[in-house]
Every structure is written in structure tokens, then in C-alpha cells.
Amino acid sequence: MGSCKEKREESAKCVWVNGPIIVGAGPSGLAASACLSEHGVPSVILERSNCIASLWQNKTYDRLKLHLPKQFCALPLLGFPENFPKYPTKDQFLSYMESYASHFSIHPRFNQAVQTAEFDSSCGFWRVRTQDLEYISRWFIVATGENAEPVIPEIVGMERFRGPVVHTSAYKSGSDFAKQKVLVVGCGNSGMEISLDLCRHNAVPHMVVRNTVHVLPREMFGCSTFGIVTALLKWLPLSLVDKFLLLVSNLTLGNTDQLGLRRPKTGPIELKNVTGKTPVLDVGALSQIKSGKIKVMEGVKEITRNGARFMDGQEKEFDSIILATGYKSNVPSWLKGCDFFTKDGMPKTPFPDGWKGENGLYTVGFTRRGLLGTASDAVKIANDIADQWRTTRDCRTYRNSHIILLKINCRERERE
Ligand SMILES: Cc1cc2nc3c(=O)[nH]c(=O)nc-3n(C[C@H](O)[C@H](O)[C@H](O)COP(=O)(O)OP(=O)(O)OC[C@H]3O[C@@H](n4cnc5c(N)ncnc54)[C@H](O)[C@@H]3O)c2cc1C
Ligand SMILES: NC(=O)C1=CN([C@@H]2O[C@H](COP(=O)(O)OP(=O)(O)OC[C@H]3O[C@@H](n4cnc5c(N)ncnc54)[C@H](OP(=O)(O)O)[C@@H]3O)[C@@H](O)[C@H]2O)C=CC1
Ligand SMILES: O=C(O)C(=O)Cc1c[nH]c2ccccc12
């Protein structure tokens, strides 16, 4: 913090936000803010990092592309540029995010990590604390994402390993692993795509598949698999759509069981809806598995100094380990006195009703349905808050001011 305004705020310690407080400047926070501003409702976004879409900027690998076509990843009110390809690259996605924020004049407050947030029933407001300030509002929107923190599993012997151990959120490119033997733990979309990237840099990935997994082609008959699913679900029951997907996948990819990729009993879309587990949309890893360039391994029993011992008794040496073990929400670590979320930090009420809690609490982007889920939440939240906004006098009085200093009130509160 440096400017005069910021110095005034710092000494105030406590600010009233006119309109909702949004935590997180990822696609979900930006979408919520844009939809609100369309209704004339101002908002303040608090973001722990120093940029928008920090997951995409800082925690994804160079070769990443969207794996759903761009029309299924667009945020409300402003689509991707026409000239972008069907599957935009990470840099194109980021440029879309930048133009989205600038189109709606969204200016998040960066380097503001929310440490606690709590509804204060004595005054009827949300009190949201960062390392610098306390922000107060009647509405509070959680947009910190399903991927806020990496999942680091406890694998026996991990501390013994003499080489680097990196989570996929810190992996940039296979060039850092050229010619190495790499253990990739996990076979979701990250594990598959990073194994493929490693192959392209002449590394030798060994991918751990401890469980079952659905692999689907990214496209069928020249159309995106996701688009086909969306269209079929308008006419057919889920069970039939899953049967169709499995039939076409078996015809085009062959029987993946023989490659060590056993399919779950539950169909791919039903599994996604019930557990959130995303099917792998194949962008080339499968053919590397078939050719033996990506080696599929059973579960890890323990990590040794030089490598790993597997459940089937094999022992192998590795130069590096990549944990493609997924992500988790961080909401339980900072949201206090509220039982809207599970202990895993997901709304207890499932999609499509998990966007609204009590006392002005909202969530955007916790649907396990990617950016399409984000768009749906953001529109509903903005409509709901706009209805309240229109009937609230004190908001309209301060319509032009997003933030009002509460120096005296909060000092008094602190003394209490
Ligand atoms: C590698 C990868 C690829 C993906 N590809 C697709 C795809 O192709 N299509 C699709 O639909 N979905 C995809 N997803 C799903 C993904 O969840 C969305 O793309 C999207 O980033 C979710 O947006 P979000 O704003 O909800 O969460 P995030 O993008 O994670 O943004 C949350 C923000 O909140 C901030 N934050 C967290 N905690 C705090 C705190 N305590 N205080 C302040 N700020 C905080 C974070 O720094 C972050 O900037 C992908 C996910 C990953 C990991
Ligand atoms: N191009 C794109 O658009 C991409 C999109 N994504 C998306 O990002 C999200 C996160 O994906 P991802 O990072 O792959 O995470 P996922 O949660 O989808 O996958 C995690 C994987 O790690 C495995 N795992 C977890 N713990 C262990 C352990 N102790 N030992 C062995 N295996 C373990 C899981 O196995 P199990 O099933 O047995 O628990 C699973 O295979 C998804 O929604 C995905 O679709 C990711 C990459 C690219
Ligand atoms: O990429 C992701 O994480 C997504 O959640 C996108 C997504 C939503 N629904 C799906 C169904 C099948 C494959 C991907 C997705």
C-alpha cells in the first residue's frame, strides 16, 4: 500500500464496502463482478495474489489449452474473440480474462489474502479480514475456487527421495525434465497431459494409476465430446448418454482396460455429476501409452531414496516425482461460524442450488462444472443481489462510492 488513499485506509483499519465483497479474482470473481456492474451494483474484489486469474497465470503449465470448446468456457456478457481457435491456449485464455476485466472496469484489490470472514449477527454485516484491513458489507461472495490449494498426499518414504518432488501447480514444461525418468503420481487430466508433455521433451514418464479412470476422446465425429454430451442430454436420459459415450470411446480408443486404465462401473458423466471426478479428455496421451512411451504403473507402496516401490512388487529408480494429485478448496481455513460448506470446502447443497447461503452469503464457481458452472452462478447471484440493492436506500445514497472508511466505529469496536 502506498498512495494517500491507501494510507488513509491503513490507518482506518476498517472499511465499509458499498455493495458485495468478493473473495478471489479468478474467472468466478470477475464474472460475478461483471454481472453485478451490469445491474449497477458496485463490488470490491479481494485477491491474495498480485494479478487476475492467478491459477491460470502462475499455476499452470506452458502447453495448457482449454479442453472444452471456447463457447463452453465463456464468462457471461462477453464471449471469446471470434478469431480465437476452438480450443484457446492458456495465453489466449489469459488475454480474454484481461480484456474481460478491463471491459467491465474491474480493479481487484491485490495482495489481500482473506484470513477470516464471519457474519456478525450483532450488526447484520459480514466482517472480512485481510492482513491489512477489515472490510465490512452486507453481502459476501466466495469465489476462491475448487483449486485453491494443491493436494499433497502422504506417501510413505516421500521425505527420503533425493530428487525434486513437484506438484503440477509448479510444473511449467518438460524441458526441465529432459531425458529424466519421472514418476507422475495421478492420472486425471493433469497427470495425462503432463506425461504427454514429458514425452515430447524426451523424458520417460511412469504414470501411477491406483484406481479406475474414464478416458474419452476430446472429439467425436469432428464435434467436441462435451458439445455432444450437452446436446444429447436435452433429449436422452443420462444413463443412455453415458452408454453412447462408452460405445464410441471403445470404438475409437479401443479397450483402455488392457492399457491398465480400468473404467469405473459408473458412467463418465454420472460420475462427474455425483463425485466431481472429471473424465480424462484425451489430447494424445493415450497413443503414447499404447506405444509404451508413457508407462502405466499400479499404486505406489513407498517412495525410496532413489525411486519407488509399487503395489505389484516392482521397484524402479526415478530422477524426479511429479504429484498430479489434484487440488482442494481452502474455504474451511478462513470462513468462520458458518455451516454452509462441507469440511472439504464445497457447498453442502449440490448444483444448481449451491450458489446462495444465508445472511447475504453467496458462492460462485463451486459447481464441479468448470467455467459453465461459474457463468450460471454469477448470473443468479447478480440478479439476487440486484433485487435487494434496488430496495435498499442506504446503498443508493452512496452509489458512487465503493469504499467508505469506518475509522471511528472500528476503533471503538477494537477497544471492546
Ligand atoms: C489446469 C486446469 C485446467 C482447467 N481447464 C478448464 C477448462 O478447459 N474448462 C473449464 O471449464 N474449466 C477448466 N478448469 C477448471 C477451473 O476450475 C476453471 O478454469 C477456473 O479457473 C475456475 O475459476 P475460479 O475463479 O472459480 O477459481 P480460480 O481460478 O482458482 O480463482 C480463485 C482465485 O481466488 C484467489 N484466492 C484463493 N484463496 C484466497 C483468499 N483466502 N483470499 C484472497 N484470494 C484468494 C486465488 O488466488 C485465485 O486467484 C481447469 C482447472 C485447472 C486446474
Ligand atoms: N486442459 C485442461 O483443460 C485441463 C483441465 N484440468 C482440470 O483441472 C482439474 C484438476 O485436475 P487434476 O489436477 O488432474 O486433478 P484430479 O483431481 O482430476 O486428479 C487427481 C489424480 O490424482 C490421483 N491421486 C490423488 N492422490 C493420489 C495418491 N496418493 N496416489 C496415487 N494417485 C493419487 C487421483 O486418483 P483417484 O481417482 O484414485 O483419487 C487422480 O487420478 C480437473 O477439473 C481437470 O479437468 C486439468 C488439466 C488440464
Ligand atoms: O475441466 C474441468 O475441470 C471441468 O470441470 C469441465 C467439465 C465440466 N463438465 C465436464 C464433463 C466432462 C469433461 C469436462 C467437464
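Treat the numbers as computed from the prediction; the structure is a model and nothing was measured.

> Would you take a moment to explain the site of ligand 1 for this structure?
Neighbouring ligand 1 are 26 residues; Ser28, Glu47, Ser54, Asn147 and Leu371 lie closest to it. In this structure, an oxygen atom belonging to ligand 1 sits 2.9 Å away from a side-chain N or O atom of Arg48. Residue Ser54 places a side-chain N or O atom 2.9 Å away from an oxygen atom belonging to ligand 1. In isolation ligand 1 has 980 Å² of accessible area, and contact with the protein removes 92% of it. Top contributing element to the shell around ligand 1 by residue count: helix H3 (residues 54-58), with three residues.

> I would appreciate a short explanation of the site of ligand 3 in the present structure.
What surrounds ligand 3 is the set His67, Leu68, Phe226, Lys272, Thr278, Pro279, Leu281, Arg369 and Gly370. Gly370 is positioned such that a nitrogen or oxygen atom in its backbone is 3.4 Å from an oxygen atom of ligand 3. Notes on ligand 3: free accessible area 350 Å², of which the protein chains cover 79%. Counted by class, the shell around ligand 3 contains four nonpolar, three polar and two charged residues.

> Looking at this model, I keep getting lost on the state of the cysteines. Mind explaining?
Linking two cysteines covalently via their sulfur atoms produces the bond known as a disulfide. Per the counting criterion, the structure on display carries zero disulfides. Just so you know, Cys73 is unpaired, no disulfide at all, and the nearest cysteine sulfur is the one on Cys35, 16 Å from it. We classify Cys73 as buried; its relative accessible area is 4%. Take Cys223: it sits in no disulfide, and the sulfur closest to it among the cysteines is that of Cys73, at 16 Å.

> Looking at this structure, I do not really get the pattern of salt bridges. What am I missing?
Two side chains with opposite charge may pair up if their charged atoms get near one another. Under the criterion given, the structure shown has 12 salt bridges. The residue Arg63 makes a salt bridge to Asp197 at a minimum N-O spacing of 2.6 Å. Highlighted residues: Arg63 in the loop between H3 and helix H4 (90-103) and Asp197 in helix H5 (residues 189-200), separated in sequence by 134 residues. A residue is classified by how much of its surface remains accessible, and Arg63, at 40% relative accessible area, is partly exposed. Judged by its relative accessible area of 3%, Asp197 falls in the buried class.

> Please clarify how the environment of Val17 should be interpreted in this entry.
As for its position among the elements, Val17 is in strand S1 (residues 14-17). Owing to a relative accessible area of 1%, Val17 belongs among the buried residues under this scheme. As for Val17 and Ser137, which are separated by 120 residues in sequence, their C-alpha atoms are 5.3 Å apart.

Parameters at a glance
Residue indices begin from 1 for each chain and proceed along its sequence in written order. Starting at A for chains and at 1 for ligands, labels are handed out in the order in which the entities are written. Reporting of local features is limited, given that this is a predicted model, to residues whose pLDDT is at least 70; pairs of side-chain atoms are given and counted only at 80 or more, and all residues count toward the totals for whole chains, interfaces and linings. Hydrogens and water are ignored here; the side-chain numbers use all heavy atoms of the structure. When we say a residue is near a molecule or strand, we mean one of its heavy atoms is within 4 Å of it. Each polar contact in these results corresponds to two N or O atoms within 3.5 Å; when the atoms are within protein, one needs to be able to donate a hydrogen and the other to accept it, and residues that are neighboring in sequence are counted only if both atoms are side-chain atoms. Exposure was quantified through the Shrake-Rupley algorithm and a 1.4 Å probe, taking into account, for residues, occlusion by the shown protein chains and nothing else. Only DSSP runs of H or I covering at least 4 residues are called helices, and only runs of E covering at least 2 are called strands; the numbering of each starts at the N terminus. Residue classes follow a fixed rule: Ala, Val, Leu, Ile, Met, Phe, Trp, Tyr, Cys and Pro count as nonpolar, while Asp, Glu, Lys and Arg count as charged, and any other residue, Gly among them, counts as polar. Whenever a pair of cysteine sulfur atoms sits within 2.5 Å, that pair is classed as a disulfide. Three exposure classes are used, based on accessible area relative to the maximum for each residue type with a 1.4 Å probe and protein chains only: buried under 20%, partly exposed in between, and exposed over 50%. We define a salt bridge as a contact between a side-chain nitrogen of Lys or Arg and a carboxyl oxygen of Asp or Glu at a distance within 4 Å.

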